[in-house]
Structures are given as C-alpha cells and as structure tokens.
Amino acid sequence: MNSVLAVPLVRGTVHGRVRNDVPGRTPAPTHRHAAPSGPWPWMDFDVDPHTTSSGSIEVDKTWRGYPQNLFANWTPEQVERSKMLTSCPPGACKIYRVDVLKNGTFDRDIASQTLTVAAHGLDECWEYINAKRPESVRLRAIFVDTMTVDLLKMLGTKYVIEPFFFSSSMNWIPSRYQEAEKDEGDHITIVLPFVRAKQSSKTRPSSVLSSSTFPATVGPAPLEDSNQIIDTQASLPLISPDCVLVQDLLAVHMVRHVESSTIITYHPHQRTSAKRLHSLIQRTSNSVYWSKIFEASSDPTLLLLTYLWYVLYAWDETFEELYKHITRLETRVLSTHDIKLTQQLHIVQAHLLHYESLLQAFQKSVEFVRDTRNPAMSALSEQERNESLQVLQREAKNLLSEISRLEVQRLIQSARLKNVMDLAFASVNIDDSRYTKRLTEATVRDSAAMKQISYLTMVFLPANFTASLFGMNVREFIGSPGGTPAPETLPRYVAVTLALTSFTVWLVIALQTYSSFHPPNSSRWRRFGWPIFYVRDKLRCRKAPEK
C-alpha cells in the first residue's frame, strides 16, 4: 500500500492538460549536445561568442541555483536553450523507490512507499533527499514521475548530476558516458530511445506538423489518408485498431559509490511511467535467477542491466505486433492488388530503417555498461572483483545475443516488406499489361474495320468519278440540240468504271510493300506485275496437289 512521506498529493490534471492515449512525435535529436565531452554545451555560435560579460553574476549556492551552483559553464542562456527546466511541468510529482540491501534482497517496505512532492513542501522534500541511508542499503533506485523543476534541481545538486543528463533526456538525445571517475566511484549516464507497442483504441497519433497530441478517429489512419507522411519520429499506427508503435525513452543516471549507489530515472510524459518501471524492477526480486546474482555479486551495475532488459522486452513485443501488421498487409496485397497499399508498405519500411539505428544504439549501450569499469569495486578483493566481472560480462553477453536476434527479425521483416512491395508492383504491371493487350486488340479490330472501309471506298471511287464525269452539263457529253446522240450511254459508263476500278486496285496493291498478293520484300517489277505472278502462283498451287 502506498503512503505519502513528505507532503500531500495535489489533485488535478497532469501537466495542466488532458491526457491522451497515444503520444505525438518526438523531437529530432541534436547529437552534438549529448555528452560532457562537447566543450560548448547548447551554445549559439552566432550569439554567445560575441556576448561580453557584464561582470560576475551572483549564483544561488543552494539547490535552487542548479546547475550554476555546481557547473558554472552552464549560463542561464544555455540552460534556457537546452529546455531542461522549461520542459518540466508545474504541479506535483511522485517518487518511487527500490532499495537493494547488502545481502542482495529488496526492501519491500520501501518499495511500497510513495513520496509526493508539491510546491508547498519543498523543504521537507529536500530534507528527505538528504536523509542518511541505512548502512544496510547497497543500492537505491529512484523513479521520478512528472519531474518538476524544483525536484530536478534537488536531485542535480544532491547527486552532482551533469546537466547533460537532463538536457539529453528532455530532448531525446541518445547518449552514454562516464564522468566524475574517482577511486570511490563514478557517474554513468544512459539515454536510450526505443520503441514499444502501446494498446490504444480511442486515439491515434497527431500529424507530423505538430508535436502535440489530440483526440482523433478510432483506430489507425485509413490507408488512403493523405495526411500520412513518412516521419520516423512519429508513432506508427498499425492495422490492428487497438495497437500503435510509439517511441519511448530510457533515461538513467547511475551514481556508483563504495558505500551506497544510486540509480535515477527520468520518465517523459505519456511514455513508460515511473510506477510501471518501479513495479517491474521490484518484481526482479521474485526471479530466482536474478536473486542468486544479487546475492553472489555486490556490483550495483547488475541492477542496471534489468533496466535494459525492459527495453529488450519492449522491442520484442514491437516486432511481434509488426509481424502481424506486415502479414495483414501481405494478405491485402494478394487479394486486392491495390497500388495504394505500397504507401503503407513504404511507411513501415522507413520505420524499420530507423529501428536499425535504435537497435545499434541499444547494442552500444549494453557494450558501454559491460566495458565501463566500476571504480567502487576496487574496495573488494581481487577474487570478488573477478567473479562480479564474469557475471556482468555473462549477462551483458546474453543481452547482446538477444539484440542480435532482434536485428535478424528486423532484417527478415524488411525483406518481407520488399517482397510484398515487389509483388504489389508486379501485380499492377500485370494488370497494366492485360489492359494494354485488350487495348491493342481493340485497336487492331478498329484498324481492320477501317481497312475494310478503305477498300470499299477504293472500289466505289472510280464509279463515283465516272458518274460525276458523265453527269457534267457539257456539250460533248449531252449531245447537240440538232439530234446528235449523247455519248454517255450505260455500256460506256460500265466500261469506263470497270477500267478505272481495275487500274485503281492494281495501283494500290502494287504500291503496298506488304500484301497478300505478293511475297514480302518483293522487287518493284514484281509488285507492278502482281496480277500475272498471282495467277501463276495460284495455278502452281492447284497443280501441286494433283501431282
């Protein structure tokens, strides 16, 4: 049962806004601001280098002066530009905790307690954060839900957290680095975007033109929706009406110390909540396998691997849902041959290409945890250090093996998509070929009809010409008034018409290069003498069967 340790819970809407089921798009990461190794954090080269200092600025040395109280190179302009404070919502926030004891067990009493921080209880919260831990606590995991500006400054001051952790988390910048390495411990930071399947039947992602979310049509956008733009930073709605793939974030800052270590997680709005991750990490104590690991090794880094296992579970569910989505698209392509389906196929293919970079970042994060030495382990004996190192490397190897399996799944699904797209285009090409064939056949039929009309016109043209000639009102044709008979008699008309018709037919066939009356590529003399050769060939064909 949850209990309030510091101040009462402030009731109301989250962030002062109505919560939607499906998150919007995430910002494109600016990788140059991801790690402390960059000498100019969030600096504007067009403004900051030319700004002259007006004297020393008085800095509040308490937690309210963070980050300037600990990191003087972070000017107010740079802090504002990084949005590490402006992105924090007002109101109250909740803190969940998990304590791992020296013997490797989890403190269930602490896990059931919830600290609610409101604006009028900051002093009590600061005292609570600075309270001395019991000596039996090996590691404390802190999960912050709806982190406010005041709590950010408290945690940053208490644990001397580099502002890069908060700026990278607020801006979704993948990062991993080690800093403040000393004999008694160090700080490591991992900011890892990943993708998980989210069940939502009431809303769908907002347009690419806006990073905010709003209620929309039930289920995913229709296939013919013109607003669907290929944007890999946005959520991917699936054919299943109650599932969408959203981009999530694992933001972890770990303080490893000889006496007691600390893990702090930041949780963006509408992503994996602090309560959810806290519950999953707490349930790790129920695992026989991991309980033995925590008992055998005192390395606090092993608990960090369970955070990464959550990312792996999310990826595995993502590819399961994506497999169902691609299968449904394949079925539609096979049954409909709709070219519009290729739009959906290209969108999924673009997201799969983006997932390749996210999986690579996941792999590098696991390798970073495996290869980054823990200075706090130097207080142990060499045998204990070697045994803990072997356990860490073994578990990291298991994670890397699973990541390789995920990459194989991604490649297989990408190949399936390419195959479906080829099938869609091939189907459309086949349909186009069939249509072209039918059009060609219709054109041939029309050409044959026009050819017959031309032949008919050729036959009647000489007769029409002769009739017109004999019908002219000229004396030579109508005779004299004194009784001279007219020359345009019917026999003469027939004779002239037949002669002209025969001449026209002979000339038309003779001028054709390809005709059934003479062989192809015949000489000019052969074409002009086609009646003779035609009759001769016919006679030869009649005599050949008789022989």
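Predicted model only: the values in this text are computed from it and were never measured.

Calculation rules
- Residues numbered from 1 in each chain as written.
- Predicted model: local features only at pLDDT ≥ 70, side-chain atom pairs only at ≥ 80, totals over all residues.
- Heavy atoms only, no water.
- Buried < 20%, exposed > 50% of the residue type's maximum accessible area, 1.4 Å probe, protein only.
- Helix = DSSP H or I, 4+ residues; strand = E, 2+ residues; numbered from the N terminus.
- Contact = heavy atoms within 4.5 Å.
- 1 Å grid on protein atoms, 1.4 Å probe; cavity = no way out; pocket = protein on both sides within 12 Å on 5 of 7 lines; lining within 4 Å.
- Points joined across faces, edges and corners; volume = space filled by probe spheres on them.
- Pairing = 2+ DSSP bridges.
- Phe/Tyr/Trp six-rings, centres within 6.5 Å; stacked < 30°, edge-to-face > 60°.
- Lys NZ or Arg CZ within 6 Å of the ring centre and 35° of its normal.
- Core = buried A, V, L, I, M, F, W, Y, C linked by side-chain atoms within 4.5 Å.
- Axes fitted to C-alpha atoms, helices over the stretch in contact; angles between N-to-C directions.
- Parallel < 35°, antiparallel > 145°, perpendicular 65-115°, else oblique.
- Left-handed = near helix turned anticlockwise from the far one by under 90°.
- Patch = residues over 30% accessible without salt bridge, like charges linked within 9 Å, V, L, I, M, F, W, Y side chains within 5 Å.
- Areas by Shrake-Rupley, 256 points an atom, 1.4 Å probe, with all protein chains shown as cover.
- Salt bridge = Lys/Arg side-chain N within 4 Å of Asp/Glu carboxyl O.
- pLDDT = per-residue confidence, 0-100.

**Focus on helix H5 (residues 163-170)**
Reasoning step 1: Within H5, 8 of the 8 residues are buried, leaving the element largely enclosed by the surrounding structure.
Reasoning step 2: For H5, the complete set of buried residues consists of Pro163, Phe164, Phe165, Phe166, Ser167, Ser168, Ser169 and Met170.
Reasoning step 3: Check the buried side of H5 and you find it contacts helix H1 (76-82), helix H4 (149-158), strand E4 (175-182), strand E5 (185-199), strand E7 (243-257) and strand E8 (261-267).
Reasoning step 4: Two residues or fewer past H5, Trp172 is found with a positive phi of approximately 55 degrees.

**So, the environment of Leu139**
Reasoning step 1: Position of Leu139 among the secondary structure elements: in strand E3 (residues 137-145).
Reasoning step 2: A residue is classified by how much of its surface remains accessible, and Leu139, at 1% relative accessible area, is buried.
Reasoning step 3: Remark: the alpha-carbon pair of Leu139 and Ser260, spanning 121 residues in sequence, is separated by 5.5 Å.
Reasoning step 4: Among residues more than four places away in sequence, those in contact with Leu139 are Val98, Asp99, Val100, Met254, Ser260, Ser261, Thr262, Ile263, Pro300 and Leu303.

**Brief notes about the side chain of Asn171**
Reasoning step 1: Here Asn171 is to be found in the loop between H5 and E4.
Reasoning step 2: Ignoring any residue separated from it by four or fewer positions in sequence, one finds Asn171 in contact with Pro27, Pro29, Trp42, Ser82 and Lys83.

**Some remarks on the layout of surface pockets**
Reasoning step 1: Approximately 600 Å³ is the volume attributed to the second largest pocket.
Reasoning step 2: Surrounding the second largest pocket, 24 residues form its lining, Tyr159, Val255, His257, Glu259 and Ser260 being those nearest its centre.
Reasoning step 3: When residues of the lining of the second largest pocket are traced back to their parent elements, those giving at least two are E4, E5 and E7.

**With respect to the pairing of strand E1 (residues 93-101)**
Reasoning step 1: Among the 9 residues that make up E1, 8 are buried, leaving the element largely enclosed by the rest of the structure.
Reasoning step 2: Summarising the sheet, E1 and strand E2 (residues 114-117) pair through 4 bridges and their orientation is antiparallel. Considered in E2, the bridge of Tyr96 is made with Thr114.
Reasoning step 3: Note: E1 against E3, 8 bridges, orientation antiparallel. Directly across from Leu101, in E3, lies its bridge partner Val137.

**Considering the packing of aromatic side chains**
Reasoning step 1: Tallied over the full model, the rule gives 16 aromatic pairs.
Reasoning step 2: Aromatic side chains Trp506 and Phe528 sit 5.6 Å apart centroid to centroid with 50 degrees between the ring planes, which places their arrangement in the tilted category. Separated by 22 residues along the polypeptide, Trp506 in helix H12 (residues 490-511) and Phe528 in helix H13 (residues 524-528) bring together distant segments of the chain.
Reasoning step 3: Relative accessible area serves as the criterion here: at 26%, Trp506 is assigned to the partly exposed category.
Reasoning step 4: The rings of Tyr66, Phe71, Phe165 and Phe166 are connected pair by pair, giving a single aromatic cluster.
Reasoning step 5: Here the basic side chain of Arg526 rests over the ring of Phe533, its NZ or CZ set 4.5 Å away from the ring centre.

**Comments concerning the nonpolar core**
Reasoning step 1: The biggest cluster of nonpolar side chains holds 68 residues, and the ones touching the most others in it are Tyr307, Trp315 and Leu322.
Reasoning step 2: Take this core: its biggest share by element is 16 residues, from helix H8 (residues 301-336).
Reasoning step 3: Excluding residues that lie within four positions of it along the chain, Leu322 makes contacts with Leu236, Leu238, Leu245, Val348, Leu352, Tyr355 and Gln413.
Reasoning step 4: If you look at the next biggest cluster of nonpolar residues, it comprises 39 residues, including Ala34, Trp42, Val117 and Phe166.

**Digging into the packing of helix H3 (residues 122-129) against H4**
Reasoning step 1: Between H3 and H4, the shortest axis-to-axis distance is 11 Å and the interhelical angle comes to 25 degrees. Regarding the angle of H3 to H4, the classification is roughly parallel. Crossing of H3 against H4: the hand is right-handed. Where H3 approaches H4, its residues Leu122, Cys125, Trp126 and Ile129 are matched on the opposing element by Asp150, Leu151, Met154, Leu155, Thr157 and Lys158.

**Considering a nonpolar patch on the surface**
Reasoning step 1: On the surface, Leu456, Val459 and Phe460 cluster together into a nonpolar patch covering about 300 Å² of accessible area.
Reasoning step 2: With respect to the helices and strands, the residue Val459 is situated in helix H10 (residues 382-470).

**Focus on the pattern of salt bridges**
Reasoning step 1: What the rule picks out here adds up to 16 salt bridges.
Reasoning step 2: The salt bridge involving Asp99 is made with Arg140; its shortest N-O contact spans 2.9 Å. Taken together, the residues span a long stretch of sequence, with Asp99 in strand E1 and Arg140 in strand E3 at a distance of 41 residues. Of the two residues, Asp99 and Arg140, both sit in the buried class.

**With respect to empty space enclosed by the protein**
Reasoning step 1: Within the structure shown, the criterion is met by 5 cavities of 30 Å³ or more.
Reasoning step 2: Space inside the largest cavity adds up to approximately 110 Å³.
Reasoning step 3: Lining the largest cavity, in full, are Ile95, Arg97, Leu115, Tyr128, Ile129, Ala131, Arg133, Arg140, Ile142, Leu155 and Tyr159.
Reasoning step 4: Elements supplying a minimum of two residues to the lining of the largest cavity: E1, H3 and E3.

**Topic: the confidence of the model for the chain**
Reasoning step 1: For the chain, mean pLDDT is 81; residues scoring 70 or higher make up 82% of the total.
Reasoning step 2: Within the chain, the lowest mean pLDDT, 53, falls on helix H11 (residues 475-478), and the highest, 94, falls on E8.
Reasoning step 3: Scored below 50 in pLDDT, residues 1-20 makes 41 contacts in the model with residues more than four places away or belonging to other chains.
Reasoning step 4: Low pLDDT, under 50, characterises residues 201-226; the predicted model gives this stretch 58 contacts beyond four residues in sequence or across chains.

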